[in-house]
Amino acid sequence: MINKEMKFLKQKEKRGSTDRQKKGSGGMKPENIILAAAGIIILVLLAAILHIKYMYGIRIHKEAEKIKAEYNREIERIRSSLSHGFRMPLAIIWGYCDILLKNDNIEKETYREYLEKICDNAKYLNIMVNRSFMQIQKRIGEPVYMMESVNLTEIVRKTAGDMEELLRQNEIRLQLMFDDSPVLIKGDRIQITNVLNNLFDNAIKYMDCRGCITLTLIKINNQAVLEFKDNGKGLKADEIFGIFEENFQGSNAGHGSGNGLYIAKEIVEAHNGDIFAVSGTGRGMKIYIFFPTYIDIL
């Protein structure tokens, strides 16, 4: 009896083992597991690739927008620079042409002097145009400079002389408080003239009639110091530090982009110089420009 029970239990255990083997063989085979894992990996890789492509597309779009914005800013900067660079020479040419056309009895010497001023400013405009094309063709954000040894005394006196008729039309007196002693600096004659034109343009816009502009040029140690002073409306003390910023418009703002003194500052700094202003409401404005003298650069 006991032997029969033992035999029955062994047979039952054997059938159970066989059933487990059958069930195990009916599950996922190893190759199926590998294929499933590979499929999951492929899906993850595809998702990653799509995500990278999406993020790259966003980045490309942002880069394109950034390039476009920089391009627009550069075009606006060049436009503003050309506008300020052309305004005063054109006004000078117009003024002297108007005098010559309206007066038939001008002395020969004076007539020739006015024609020379017209020609000089026409040449200045031609150089400005050529430099602007160079700047655009090179696709750079900086103005083009042609550095050489120049006499700052001569440049200031000549630019002031060209302004005489325009100042007279606006009933503004001009005083030059320096002699003909040469003050040599290493600079770009055209760009320095551009700085002076912007200073005159700025002063004329914010001065009442019967005003006065005074220019003083001295040499202190290793520096050439130019003081440009007017007795116009002036500016609030808390606004004076912003006048050399791009697109600045003070409380006395009139017409214009507010870039004249910003352009002047860029040019002065390109000459390793410095520029600052002193003003107050109703007290006019003083602008000081410092250039290292040429002999000290060598």
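Residues numbered from 1 in each chain as written. Predicted model: local features only at pLDDT ≥ 70, side-chain atom pairs only at ≥ 80, totals over all residues. Heavy atoms only, no water.

1. Thoughts on the confidence of the model for the chain
Working step 1: Per-residue confidence for the chain gives a mean pLDDT of 78, with 69% of residues at or over 70.
Working step 2: Least confident of the elements in the chain is helix 1 (residues 2–25), whose mean pLDDT is 52; most confident is strand 5 (residues 223–230), at 95.
Working step 3: Contacts for the low-pLDDT stretch residues 22–26, under 50 throughout, to residues beyond four places or in other chains number zero contacts. (pLDDT = per-residue confidence, 0-100. Helix = DSSP H or I, 4+ residues; strand = E, 2+ residues; numbered from the N terminus. Contact = heavy atoms within 4.5 Å.)

2. Examining the environment of Gly161
Working step 1: Note on placement: Gly161 falls in helix 4 (residues 152–169).
Working step 2: According to the relative accessible area criterion, Gly161 is buried, its value standing at 13%.
Working step 3: Note: C-alpha distance between Gly161 and Leu174 (13 residues apart in sequence) is 9.3 Å.
Working step 4: When residues no more than four places from it in sequence are discounted, the contact partners of Gly161 are Tyr96 and Lys117. (Buried < 20%, exposed > 50% of the residue type's maximum accessible area, 1.4 Å probe, protein only.)

3. Here's the deal with the packing of aromatic side chains
Working step 1: All told, the structure shown has four aromatic pairs when counted by the stated rule.
Working step 2: Between Tyr96 and Tyr114, the ring centres sit 4.8 Å apart and the planes meet at 45 degrees, which makes this aromatic pair tilted. With a gap of 18 residues between them, Tyr96 in helix 2 (residues 30–102) and Tyr114 in helix 3 (residues 108–138) connect regions that are remote in the sequence.
Working step 3: Given a relative accessible area of 2%, Tyr96 falls into the buried group.
Working step 4: Under the relative-accessibility criterion, Tyr114 is labelled buried at 16%.
Working step 5: Ring centres 5.3 Å apart and planes at 25 degrees place the aromatic pair Phe276 and Tyr288 in the stacked group. (Phe/Tyr/Trp six-rings, centres within 6.5 Å; stacked < 30°, edge-to-face > 60°.)

4. Some details on the environment of Asp201
Working step 1: For Asp201, the location among the structural elements is in helix 5 (residues 189–205).
Working step 2: In this structure Asp201 comes out as buried when scored by relative accessible area, which is 8%.
Working step 3: With 114 residues separating them along the chain, Asp201 and Arg87 place their C-alpha atoms 8.3 Å apart.

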